[in-house]
Amino acid sequence: LEQNRCREAELEARAALELSPEKAELSYNLGVVMSCLKRHPEAQEAYEAALRLRESFPAAHFNLARTHMALANSLEHPHGAFGDFAARRQHLRAALRHLGESLDEHSTAKSREETYKSMEEVHYQLGDQAAAAASYESFLGVAPQEGLKAR
């Protein structure tokens, strides 16, 4: 979504959600739009709402994980956690939990690739090199051709 289109999409997503608040997909769509607008706290709320409506929603878990990663690494106040070690760690741990929940028996190879790559990044940021290496091994198991590229 382009930035200008995201603003339009926000109005449409909110209107749709108002008509059918029980549909998890509509909360998820609002989260996608909020992510596009880099309004991460609002994206987090929307993805969490989607997961309250449908706990088993891999895409919502993945996007919520990426939102926690963005918040953990943000310098913006009041929601940016980069300068607050405890808050940053909390966001990174939440990201790991949701990344794990985003994988299921229906996950595509591309989805697994993105998830393992994100897990590697989070483990590394948490200072757990062994877990980062294990996630990278899982990543290579799905996308061996990617191991030769500069990272």
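Computed from a predicted model, the values in this text were never measured in an experiment.

Visitor: Can you help me understand the packing of helix H2 (residues 24-36) against helix H3 (residues 40-53) in this one?
Guide: Running from N to C, H2 and H3 cross one another at 165 degrees; their axes reach a closest spacing of 8 Å. Classified by the angle between their axes, H2 and H3 sit roughly antiparallel to one another. Regarding H2 and H3, the two cross each other, and that crossing is left-handed. Seen from H2, the contacting residues are Ala24, Ser27, Tyr28, Leu30, Gly31, Val32, Met34 and Ser35; seen from H3, they are His40, Glu42, Ala43, Ala46, Tyr47, Ala49, Ala50 and Leu53.

Visitor: Please clarify how the packing of aromatic side chains should be interpreted in this entry.
Guide: Any pair of aromatic rings gets described here by the distance separating the centres and the angle formed by the planes. In the structure shown here, the tally under the stated rule is 3 aromatic pairs. Relative to Tyr47, the ring of Tyr28 lies with its centre 5.8 Å away and its plane at 50 degrees, an arrangement referred to as tilted. Here the residue Tyr28 occupies a position in helix H2, and Tyr47 occupies one in helix H3, the gap between them amounting to 19 residues. By the burial criterion, Tyr28 is buried, and Tyr47 matches it. The interplanar angle of 35 degrees and the centroid separation of 5.8 Å between the aromatic rings of Tyr136 and Phe139 together place this pair among those described as tilted. Placement of both Tyr136 and Phe139 in helix H7 (residues 129-142) is noted, with a separation of 3 residues, approximately one turn of the helix. Phe139 carries the same exposure label as Tyr136, and that label is buried. Aromatic rings pair up to connect Tyr28, Tyr47 and Phe57 into one cluster.

What counts, and where the lines are drawn
Residues numbered from 1 in each chain as written. Predicted model: local features only at pLDDT ≥ 70, side-chain atom pairs only at ≥ 80, totals over all residues. Heavy atoms only, no water. Axes fitted to C-alpha atoms, helices over the stretch in contact; angles between N-to-C directions. Helix = DSSP H or I, 4+ residues; strand = E, 2+ residues; numbered from the N terminus. Parallel < 35°, antiparallel > 145°, perpendicular 65-115°, else oblique. Left-handed = near helix turned anticlockwise from the far one by under 90°. Contact = heavy atoms within 4.5 Å. Phe/Tyr/Trp six-rings, centres within 6.5 Å; stacked < 30°, edge-to-face > 60°. Buried < 20%, exposed > 50% of the residue type's maximum accessible area, 1.4 Å probe, protein only.

Nothing here speaks to function; it is geometry throughout.
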